[in-house]
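Residue-level structural notes
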Amino acid sequence: MKYVDEYRDPHLARRMIADIRRRATRRWTIMEVCGGQTHGLLRHGIEEELADVVETIHGPGCPVCVTHADAIDFACELARTPGCALASFGDMLRVPASRGSLLDARAAGGAVRAAYSPLDAVRLAQRDPNLQVVFFAVGFETTAPATALAVRQAAALGLDNFSMLVAHVRVQPAMEAVLASPGNRVQAFLAAGHVCAVMGCESYASLAERYRAPIVVTGFEPLDLLAGMAACVRQLEAGEAHVENRYARSVRPAGNPAARRLLEETFEACDRPWRGMGVVAAGGLRLRDEYRRFDAEFRFRRPASAVALPAVDANDCLAGEVLAGRLKPTACPHFGSACTPETPRGAPMVSSEGACAAYFRYRRPAAAVAGEEVAR
Amino acid sequence: MNDGSWKIACPATSSLPGNVLTLAEGEGGRMTRRLLDETILPRLGRPGCCKLGDSAILPRVQGELAFTTDSFVVSPLFFPGGDIGTLAVYGTANDLAVAGARPKWIGVALIVEEGLQRDVLEAVLDSLARAAQRAGVSVMAGDTKVVPAGACDKLFVCTSGIGEVLPPAPPGPTALLPGDELFVSGPIGQHGTAVFAARESLDVKPVPQSDCGPLWPAVAALREAGVAVRAMRDATRGGVSAVAHEWADACQATLHLDEACLPVLPETRALCELLGLDPLHIACEGAMLVAVEPGQAERALAAWRDVCPRAAIVGRVISRGAAPVVIRRALGNDQPLDEPWGAPFPRIC
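Residues numbered from 1 in each chain as written. Chains lettered and ligands numbered in written order. Predicted model: local features only at pLDDT ≥ 70, side-chain atom pairs only at ≥ 80, totals over all residues. Heavy atoms only, no water.

1. What about the overall build of chain A?
Per the secondary structure count, chain A includes 17 helices and 11 strands. A compact globule built from 376 residues would reach a C-alpha radius of gyration of about 21 Å, and chain A, at 21 Å, matches this within 12%. Reported as C-alpha extents along the three principal axes, the dimensions of chain A are approximately 65 × 45 × 45 Å. Counting every position in chain A, which comprises 376 residues, the buried fraction comes to 55%. Across chain A, the fraction of contacts at a sequence separation of at least 24, relative to all contacts at a separation of at least 6, is 79%. Accessible surface for chain A amounts to roughly 15400 Å². Of this, 52% is attributable to carbon and sulfur atoms. Distance from the positive charge centre (44 side chains) to the negative charge centre (42 side chains) of chain A: 1 Å. (Helix = DSSP H or I, 4+ residues; strand = E, 2+ residues; numbered from the N terminus. Rg over C-alpha atoms; globule rule 2.2 N^0.38 Å. Buried < 20%, exposed > 50% of the residue type's maximum accessible area, 1.4 Å probe, protein only. Contact = heavy atoms within 4.5 Å. Areas by Shrake-Rupley, 256 points an atom, 1.4 Å probe, with all protein chains shown as cover. Lys, Arg positive; Asp, Glu negative; His and termini not counted. Charge placed at Lys NZ, Arg CZ, Asp CG, Glu CD.)

2. Describing the sheet that holds strand S5 (residues 138-147) of chain B
Residue and element names in this part refer to chain B. Reading across the sheet, the 4 strands line up as S1-S6-S4-S5 and stay open at both edges, with mixed pairing between neighbours. Pairing within the sheet leaves two strands with one partner each, and these edge strands are strand S1 (65-72) and S5. If you compare each strand with its neighbour and ignore which way they point, the axes differ by 15° on average. Here S1 pairs with strand S6 (residues 155-165) via 8 bridges, running antiparallel. Within the sheet, the bridge partner assigned to Phe67 lies in S6 and is Ile162. Packed onto the sheet, helix H2 (residues 84-97) meets S1, strand S4 (101-113) and S6 and runs at close to 150° relative to S1. (Pairing = 2+ DSSP bridges. Axes fitted to C-alpha atoms, helices over the stretch in contact; angles between N-to-C directions.)

3. As for the packing of helix H1 (residues 10-23) of chain A against helix H12 (residues 222-238) of chain A
In helix packing, the relevant descriptors are the interaxial angle and the interaxial distance, both defined with respect to the helix axes. All names here are of chain A. One can describe the packing of H1 onto H12 by two numbers: an axis separation of 10 Å at closest approach and a directional angle of 15°. Compared by their axis directions, H1 and H12 come out roughly parallel. Seen along the crossing, H1 lies across H12 with a hand that is left-handed. Listed contacts from H12 to Leu12, Ala13, Met16, Ile17, Ile20 and Arg23 of H1 are Leu223, Leu226, Ala227, Met229, Ala230, Val233, Arg234 and Glu237. Taken together, the residues of the contact of H1 with H12 break down into 11 nonpolar, no polar and 3 charged. (Parallel < 35°, antiparallel > 145°, perpendicular 65-115°, else oblique. Left-handed = near helix turned anticlockwise from the far one by under 90°. Nonpolar A, V, L, I, M, F, W, Y, C, P; charged D, E, K, R; others polar.)

Structure (structure tokens):
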């Protein structure tokens, strides 16, 4: 399969792993930003193979994981409101908040629909003018352009029964928050390839320079991840700190100008609480004034809550520590016992991009996996 | 959506146009008899059969009987490669086949939502009849209920099936031993992806097709070739992974699969890559996992040259390690394979 198989070549992967080992004169600490990259590193055993020369710290790049419980609670409330239907990406449905998940709300009679695109939610509103359709707009800058398109479409159609619960988050402020946090150990980043496909990577230059941290735009296949790691190690060994694009087949330095324009015209940056991390300055997106009527928090008169929210979950989930890279999932006391994909205590265990879910799927148990050696 | 309102369900003849099914047709009496005579029996009844009793009397068989029951709630009703009618027949027949029983008789109970287009029901029944003929089964009993609008989603089909066990029946997964070989009868993950793509109107080319089809010919071919089968199972909900986990639990060994050996069609793979899903977790409706004694797999594949040309050896049973099911990934690393714990795609069967 084109663009997939050639980036999973096991022979090339072995050569790249050997090359990274040769270059490294000490152990470096690299954060991969995106949850999809975390899964790739674990699924293909790359983290384990390079463990003695690279410590990977898993970043908060799982938008489902960082969506604050408060937003999910409000989404559940909307789902249970007569005359309303809440449309959401499937991954969001199982995330537990303070009063259960969206799936729990549906089981209790709430109107919750899985949507694969925000445009599906617009179509739903068009088909049923008597239903107030709310789309739960979650995601980084990767998904925000589609949300922007949905709002514009709703406006053009003159729909008065469509709105969005906007929970979009911005990656770069979170990366800066990590670098600026006291006791930060991250020395370089594998930047999120898909976010950069939209936003480009030029804006990372000042971050790399100010914090003396190489930032390498990286994809998701094994060879992409290894190329990103190799570039980070090369720069770190040479004392360099600049932005490199190792995902050139998808990312241009300026990103996607049309998508960026759409974002700039529809959204503006705002402070946003990230689940488990506290408020990230300029870490979110909200609708601009001219689209405020499509904002579900405005339409359904929800009181503003952003700043006062607790940073940690009430149920002692340590997601915040995991998302900030301070705790490996396997070091969490609940991991694999009270907290499993079936009975998740927090979002990183239930989201397909969550670090805890990745460890549960690919690193359990830590001991030898097979009962005997199976010849390769 | 539950808005707390309630409606009276009145089974009297309605003023709806005759091209939809009404509650009255499910209440017994003249309307039901008319439905049977005009719509159902001409399609499912056997030639020369004019006796409609409460039970079908079946002829004796020599050996043991296998019995199964199943229900089908797939949405949408029609999808590339099949429909709820074909699923109902093959799903039931295949449960019998993998137990080593030749499928012979099925019963079909329909739960119809009031307002379903009559020609939709007719198309499903036509398809069911064709599938029954292809699978070599006779529809011996049936029932029809019509429920108020909203009480079910268009059409649900419940079945039961009886087959004749042709010895030797495979002993089952408790008999699996380290060294046993594992193979599949064809590409995996087709059915789930086909139904999902149809439901979400995803524009994938080529269009994913369900693999819905009878497994008895494949089972019969193994039997004729004298292949020593330990266990067979059609990989429906939860896919090959669900079967592997069940077997590992039963035999307390580890099943070791090789990702590079799994037969997966390009369109299945494309959709899985797009959605971040594993074909091993996705339902098949015409593919089975088979475990045989060491050294028998090649013989089985030779016997299947015409019946299952895309069959492939996918792994083996090894002594129990820390994980019940292990998969060798692209870079050659072994990892535990998840047991699917929830449907990636709801209502695909």
